[in-house]
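Next come the chains, spelled out residue by residue.
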Amino acid sequence: MSDKGRSVGIDLGTTNTLVASVRNRVPRIVPTDRGNLILPSVVALSPRGEMVVGNVAKDQIVTNPKNTIYGAKRLIGRKFESKVVQEMRDYYSYDIVPGPDGEAAVSVGGRVYRLPEISAMVLSQARTIAEQFLGGPIGDVVITVPAYYTDSQRQAVKEAGLIAGLNVVKIVNEPTAAAIAYGFNRSLDQKVLVYDLGGGTFDVSVLQLTGNVFEVLATGGDTFLGGIDFDNRIIDFVLERFKADTRVDLLTSPIAMQRVKNASEAAKIDLSLMQNVTLELPFIEERKGKPVDLRVALSREQLNALTGDLVDRTFAICDRVLSEKGITRQMIDEIILVGGQSRMPLVQQRLQQHFGKPPRKGVHPDECVALGAALLAESIDTSIR
Ligand code: AMP
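Before going into details, it helps to say that this report is about the structure given with it. (Residues numbered from 1 in each chain as written. Predicted model: local features only at pLDDT ≥ 70, side-chain atom pairs only at ≥ 80, totals over all residues. Heavy atoms only, no water.)

### Regarding the overall build of the protein
Next up, step 1: Along the protein, the regular secondary structure elements total 11 helices and 18 strands.
Next up, step 2: For 385 residues, the compact-globule estimate of 2.2 N^0.38 gives 21 Å, and the protein sits close to it at 22 Å.
Next up, step 3: Each principal axis of the C-alpha atoms in the protein carries an extent, and together these give about 75 × 55 × 40 Å.
Next up, step 4: In the protein, buried positions account for 54% of the 385 residues.
Next up, step 5: If you take every contact in the protein between residues at least 6 apart in sequence, the share linking residues at least 24 apart comes to 62%.
Next up, step 6: Summed over its atoms, the accessible surface of the protein is roughly 17,700 Å², and 49% of this surface lies on carbon and sulfur atoms.
Next up, step 7: Averaging the positions of the 45 positive and the 45 negative side-chain charges in the protein gives two centres separated by 2 Å. (Helix = DSSP H or I, 4+ residues; strand = E, 2+ residues; numbered from the N terminus. Rg over C-alpha atoms; globule rule 2.2 N^0.38 Å. Buried < 20%, exposed > 50% of the residue type's maximum accessible area, 1.4 Å probe, protein only. Contact = heavy atoms within 4.5 Å. Areas by Shrake-Rupley, 256 points an atom, 1.4 Å probe, with all protein chains shown as cover. Lys, Arg positive; Asp, Glu negative; His and termini not counted. Charge placed at Lys NZ, Arg CZ, Asp CG, Glu CD.)

This is the structure:
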């Protein structure tokens, strides 16, 4: 570490942001002030008129949706008129408006914020968390971005870092950071496939690792395929079952829908460990003045049947990305999993069938991007001393 403070890596995610730093050559995630390892990438205008970040902001997503900005990563560095931004306008509850240079911006509480300003609030919070934990100002910072990001998206993230007062020495691709977490200082000569199935997006990349050189050979994905689609399948199933049993339609009740949504995601996560779960939501609605409870059983087998086509879609994308660059499945030496949804047993099972080898154990899907970024930040720091 140099005198200017410890280097950190930041995984600025669509849903969550993670900060990592290296101590005694081992990268570790920095815990937040609430003791969590993740900071929700959410910014909100509180009813008291303050801009708040993280869990406090996320907590008001249902009660104050117009003033709660999430998913900024999808908008940053894009033109307001672009197709993605126009699609997002229907999808998100907050107001997406044209910014000063024609880029997408957001309007909250009557004020227009540029996306780098919004991401800067998340980064600023990440910085405070790191400084509190590491006991002083931080030094060099590496921030990760998706491999498909254009120059203007990268520039916008860099600008967000500057607004947050960070010394951003590098913007690195997420799959590269994940591969660094796996192969740094291990003198490998391998082709590694990084399979990243997160909350809202799927990305696949193939990297060539040669010593400490990490080159992206192929990359692609789907910006509208992720954990949320798995949740939606469960939600539809639960709503249908509930309606068949009680003749009550929950679609018209936003509070009930939010509860079903949360319970569906929780059930999905539990089914990664267990074979059967029961979604139980007491007093979900009233019927003829009497409370109605929701109770729906779901097995892993049913979940697999409900979502198998989504998993298949990821493999169609993998095959396309590989074949575009003339890479065969047999040429892949290791598979690294990134993103919470990649923990689903069906995903891992199908990966093994598809590529003829199991994904690499020991690389943490949620943490490896931030850990790799921290290793890179530290190595840049040491190399320029
Ligand atoms: P990420 O964007 O990487 O934070 O991924 C978040 C997504 O992963 C969300 O859709 C979560 O519901 C999902 N997820 C997290 N843990 C698990 C798990 N153990 N099994 C299945 N999905 C999970």
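Right, picking up where we left off after that structure.
### Observations concerning the site of the ligand
Next up, step 1: Residues in close proximity to the ligand total 13 residues, the closest being Gly199, Glu265, Lys268, Ser272 and Gln341.
Next up, step 2: At 3.0 Å from an oxygen atom of the ligand is found a main-chain nitrogen or oxygen belonging to glutamine 341.
Next up, step 3: Ranked by residues supplied to the shell around the ligand, first place goes to helix α8 (residues 254-270) with 3 residues.
Next up, step 4: The residue inventory of the shell around the ligand, partitioned by class, reads 1 nonpolar, 9 polar and 3 charged. (Near = heavy atom within 4 Å. Polar contact = N/O pair within 3.5 Å; in protein donor to acceptor, adjacent residues only side chain to side chain. Nonpolar A, V, L, I, M, F, W, Y, C, P; charged D, E, K, R; others polar.)

### A short note on the packing of helix α7 (residues 227-246) against α8
Next up, step 1: Packing of α7 against α8 leaves a shortest axis separation of 9 Å and a crossing angle of 115 degrees. As α7 packs across α8, the resulting crossing turns out to be right-handed. Residue-level contacts link Gly227, Phe230, Asp231, Ile234, Ile235, Val238 and Leu239 of α7 to Met257, Val260, Lys261, Ser264, Glu265 and Lys268 of α8.
Next up, step 2: Here the residues of the contact of α7 with α8 sort into 7 nonpolar, 2 polar and 4 charged. (Axes fitted to C-alpha atoms, helices over the stretch in contact; angles between N-to-C directions. Left-handed = near helix turned anticlockwise from the far one by under 90°.)

### Quick notes on unusual backbone geometry
Next up, step 1: The backbone phi angle of asparagine 24 is positive, close to 50 degrees, even though this residue is not glycine.
Next up, step 2: Locating asparagine 24 in the fold gives a position in the loop between β2 (16-23) and β3 (26-29).
Next up, step 3: The exposed category is assigned to asparagine 24, whose relative accessible area is 70%.
Next up, step 4: One non-glycine residue, serine 187, lies in the positive phi region at around 50 degrees.
Next up, step 5: The exposure class assigned to serine 187 is exposed, which follows from its relative accessible area of 64%.

### A look at the nonpolar core
Next up, step 1: Leu193, Tyr195, Leu250, Val260, Leu294 and Phe355 are the most contacted members of the largest nonpolar core, which totals 48 residues.
Next up, step 2: Here this core takes 8 residues from helix α9 (residues 300-324), the largest share from any one element.
Next up, step 3: The residues contacting leucine 250, other than those within four sequence positions of it, are Leu239, Phe242, Ala256, Met257, Val260, Ile284, Glu285 and Leu294.
Next up, step 4: Core analysis: the second largest hydrophobic core is formed by 45 residues, Ala104, Ala120, Ala130 and Ala164 among them. (Core = buried A, V, L, I, M, F, W, Y, C linked by side-chain atoms within 4.5 Å.)

### Section: the packing of α7 against α9
Any two packed helices are characterised by how steeply their axes cross, that is the angle between the axes, and by the distance between the axes.
Next up, step 1: The interhelical angle for the contact between α7 and α9, taken along N-to-C directions, is 140 degrees, at an axis separation of 10 Å. Classed by the angle they form, the pair α7 and α9 counts as oblique. For the pair α7 and α9, the sense of crossing is right-handed. Residue-level contacts link Asp229, Phe230, Arg233, Ile234, Phe237 and Arg241 of α7 to Gln302, Leu303, Leu306, Thr307, Asp309, Leu310 and Val311 of α9.
Next up, step 2: Partitioned by chemical class, the residues of the contact of α7 with α9 number 7 nonpolar, 2 polar and 4 charged. (Parallel < 35°, antiparallel > 145°, perpendicular 65-115°, else oblique.)

### Things to note about the sheet that holds strand β7 (residues 68-69)
Next up, step 1: In space, the 3 strands of this open sheet follow the order β6-β5-β7, with antiparallel pairing throughout. The strands lining the two open edges of the sheet, one partner per strand, are β6 (51-53) and β7.
Next up, step 2: Pairing analysis gives 3 bridges linking strand β5 (residues 43-45) to β6, with the strands arranged antiparallel. Looking across to β6, one finds that alanine 44 is bridged to valine 52.
Next up, step 3: Together, β5, β6 and β7 form the strand contacts of helix α4 (residues 115-134), whose direction differs from that of β6 by roughly 55 degrees. (Pairing = 2+ DSSP bridges.)

### Quick notes on the pairing of strand β14 (residues 202-210)
Next up, step 1: For β14, the tally of buried residues reaches 8 of 9 residues, placing the bulk of the element in the interior.
Next up, step 2: For strand β13 (residues 189-197) and β14, the ladder comprises 9 bridges, and the chain directions are antiparallel. Its bridge partner being in β14, glutamine 190 is matched across the sheet by leucine 209.
Next up, step 3: Here β13 folds back onto β14 in antiparallel fashion, the turn holding 4 residues.
Next up, step 4: Across 9 bridges, β14 lies against strand β15 (residues 213-222) in antiparallel orientation. In the sheet register, threonine 210 faces β15, and the bridge partner there is valine 213.

Read these as spatial facts, not as claims about activity.
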